[in-house]
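Descriptive structure summary
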Amino acid sequence: MVEQRRNLPSLDLLRGFEAAARNLSFTRAAEELFVTQSAVSRQVKTIEEHLGVALFARRHRALQLTEAGHAGRAARDTRRPAPPRIAALRPV
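The residue count restarts for each chain, going from 1 along the sequence in the order it is written. A pLDDT threshold of at least 70 governs which residues receive local features in this predicted model, and a stricter bar of 80 or more applies before side-chain atom pairs are shown or counted, although totals over entire chains, interfaces and linings include all residues. Only heavy atoms go into the side-chain values, all of them from the structure, while hydrogens and water stay out.

**Notes on unusual backbone geometry**
Short version of the rule: For the purposes of this entry, the term helix denotes a DSSP run of H or I that reaches at least four residues, the term strand denotes a run of E that reaches at least two, and both are numbered from the N terminus.
Of note, the phi angle at Leu-24 is positive, near 50 degrees, even though the residue is not glycine. Looking at the secondary structure, you find Leu-24 in the loop between helix H2 (11–23) and helix H3 (26–33). Positive phi, close to 60 degrees, is recorded for Arg-61, a residue that is not glycine. Following the sequence through the fold, Arg-61 ends up in the loop between strand S1 (56–59) and strand S2 (62–65).

Shown next, in the form of structure tokens:
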């Protein structure tokens, strides 16, 4: 179990990917996460190297999710909602 955890990307990297995938922009993701565009780009690149697959097709001034990127985004979108007692702790 511990060895499996070592193979997972850090949450910071996943946050960068999720924000970039949702916004289809490293710049907008960076603004949302209060980091630089370069930091988000590096986070995504690190995940891509870790997984050995491209998550985005990078175009001039545009991002497009690859099939693998769509799969990663779908995995995030299908997560179960928080139990009511946990959801109640979230700020409104």
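**As for H2**
What counts, and what does not: To estimate the expected span of a helix, count its residues, drop one, and scale the result by 1.5 Å. Each residue's exposure class comes from its accessible area (1.4 Å probe, protein chains only) as a fraction of the maximum for that residue type: buried when under 20%, exposed when over 50%, partly exposed otherwise.
Look at H2: 18 Å from first C-alpha to last across 13 residues, which is about the 18 Å you get at 1.5 Å a residue. Regarding H2, the residues found buried are Leu-13, Gly-16, Phe-17, Glu-18, Ala-19, Ala-20, Ala-21 and Asn-23. Directly after H2, the chain includes Leu-24, whose backbone phi takes a positive value near 50 degrees.

**Things to note about the environment of Val-44**
Rules: Two residues qualify as a contact provided that any one of their heavy atoms is within 4.5 Å of a heavy atom in the partner residue.
With respect to the secondary-structure elements, Val-44 resides in helix H4 (residues 37–51). Distance in space between the C-alpha atoms of Val-44 and Ala-21 is 9.8 Å, their sequence separation being 23 residues. Ignoring anything within four residues of it in the chain, the contact list for Val-44 reads Gly-16, Phe-17, Ala-20, Phe-26, Phe-56 and Arg-58.

Fair warning: the whole summary comes from geometry, so function is off the table for now.
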